[in-house]
Amino acid sequence: LDSVGMYTGVSNQVSKGLAERFGLSLQGQFSEFFRPVSSAKGEDDLGFLPVLPTEAEGLLSGHYPKQGNAFWVVNRTFYPMKSGIGAHFAGEGWLYRDGEGNLLAAGARFQPEKGLHIAFMHGNLEKILSFADRLARQSGAARLSFVCPSHFARLHELLESSGFAKSGAELITLWLGL
């Protein structure tokens with residue numbers, strides 16, 4: 001174990017202060033979005049296939065930050081985007097690709113019926129979200145969720161134009177050892 005992190009609500013100053021007292025430092029502020037799963041029941045799999053753990057790093061390494069920290073979030077668990085995370089997600093069955101270069105990282109650590117948590121998308125947003133809806137319907141999830149940095153205004157606009165609504169929750173993550 002080379003690092004440890006936590007999240008809390010942005011307004012929870014007591015939790016933030018306690019974390020900072022023990023050496024954790026703020027690594028980002030995030031907004032949470034939700035969208036009901038569409039009821040369309042198309043049988044087409046849209047060409048997405050699970051990624052093998054041995055393929056993951058080759059597909060994802062170009063998306064890791066060159067400097068600083070970025071995170072993928074599943075069930076409010078913050079995973080640092082760095083070498084090894086793609087293989088972990090693929091091993092969990094949470095990483096998919098198609099033949100057109102579209103990528104989706106999505107899953108649920110627990111309570112899959114409550115939501116399919118999208119951690120990463122790259123490519124054709126409409127096609128990726130159609131596939132995410134299909135995955136969610138297959139698992140019985142009622143909604144899709146996506147957590148992203150609060151300052152990514154363009155991504156917020158894209159999510160909202162795709163039927164997502166911003167929740168009232170603003171989250172922060174603090175880490176030691178990143």
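Residues numbered from 1 in each chain as written. Predicted model: local features only at pLDDT ≥ 70, side-chain atom pairs only at ≥ 80, totals over all residues. Heavy atoms only, no water.

Peer 1: What is the right way to look at the overall build of the protein chain in this model?
Peer 2: What the protein chain contains, in helices and strands, is 5 helices and 10 strands. By the compact-globule yardstick of 16 Å for 178 residues, the protein chain fits well, its C-alpha radius of gyration being 16 Å. With respect to the three principal axes, the spread of C-alpha positions in the protein chain is 55 × 35 × 30 Å. Of the contacts made within the protein chain by residues no fewer than 6 positions apart, 72% connect residues no fewer than 24 positions apart. One finds the centroid of the 16 positive side-chain charges in the protein chain at a distance of 6 Å from the centroid of its 17 negative side-chain charges. (Helix = DSSP H or I, 4+ residues; strand = E, 2+ residues; numbered from the N terminus. Rg over C-alpha atoms; globule rule 2.2 N^0.38 Å. Contact = heavy atoms within 4.5 Å. Lys, Arg positive; Asp, Glu negative; His and termini not counted. Charge placed at Lys NZ, Arg CZ, Asp CG, Glu CD.)

Peer 1: What's the story with the sheet that holds strand 8 (residues 116-122) in this structure? I'm lost.
Peer 2: Within a beta sheet, neighbouring strands are joined by backbone hydrogen bonds and run either parallel or antiparallel to one another. The mixed open sheet is built from 8 strands, whose spatial order is 1-10-2-9-8-7-6-3. At either end of the open sheet lies a strand with only one pairing partner, and these are strand 1 (4-9) and strand 3 (49-50). Summarising the sheet, strand 3 and strand 6 (residues 95-97) pair through 2 bridges and their orientation is antiparallel. The residue of strand 6 that forms the bridge with proline 50 is tyrosine 96. Set on the sheet, helix 1 (residues 13-21) makes contact with strand 1 and strand 10 (165-176); between it and strand 10 the angle comes to about 20°. Docked against the sheet, helix 2 (residues 53-60) engages strand 6, strand 7 (103-107) and strand 8, running at close to 70° with respect to strand 6. (Pairing = 2+ DSSP bridges. Axes fitted to C-alpha atoms, helices over the stretch in contact; angles between N-to-C directions.)

Peer 1: Where do I start with the environment of threonine 8 in this structure?
Peer 2: Positionally, threonine 8 belongs in strand 1. The class for threonine 8 is buried, based on a relative accessible area of 7%. In the structure, threonine 8 is positioned 164 residues away from isoleucine 172 in sequence and 5.6 Å away in space, judged by C-alpha atoms. Residues contacting threonine 8, with those up to four places away along its chain left out, are Ser15, Glu170, Leu171 and Ile172. Side-chain polar atoms of threonine 8 contact the side chain of asparagine 12, separated by 3.3 Å. (Buried < 20%, exposed > 50% of the residue type's maximum accessible area, 1.4 Å probe, protein only. Polar contact = N/O pair within 3.5 Å; in protein donor to acceptor, adjacent residues only side chain to side chain.)

Peer 1: Help me understand the pairing of strand 4 (residues 71-74), please; the structure alone is not making it clear to me.
Peer 2: Each regular strand carries side chains that alternate between the two faces of the sheet. Residues of strand 4 alternate between two faces, with Phe71 and Val73 on one and Trp72 and Val74 on the opposite face, all of them buried. As defined by bridge partners, strand 4 adjoins strand 5 (residues 77-80) across 4 bridges and the pair is classed as antiparallel. Each residue of the ladder has a partner; that of phenylalanine 71, found in strand 5, is proline 80.

Peer 1: Is there a simple way to think about the pairing of strand 9 (residues 143-149) in this case?
Peer 2: For strand 9, the tally of buried residues reaches 6 of 7 residues, placing the bulk of the element in the interior. Judged from the 3 bridges that link them, strand 8 and strand 9 form a sheet pairing that is parallel. Residue leucine 116 lies in a different strand from strand 9, and its bridge partner there is leucine 144. For the segment spanning strand 8, helix 4 (residues 125-139) and strand 9, crossover handedness is right-handed. (Right-handed = clockwise from strand over helix to strand, strands pointing away.)

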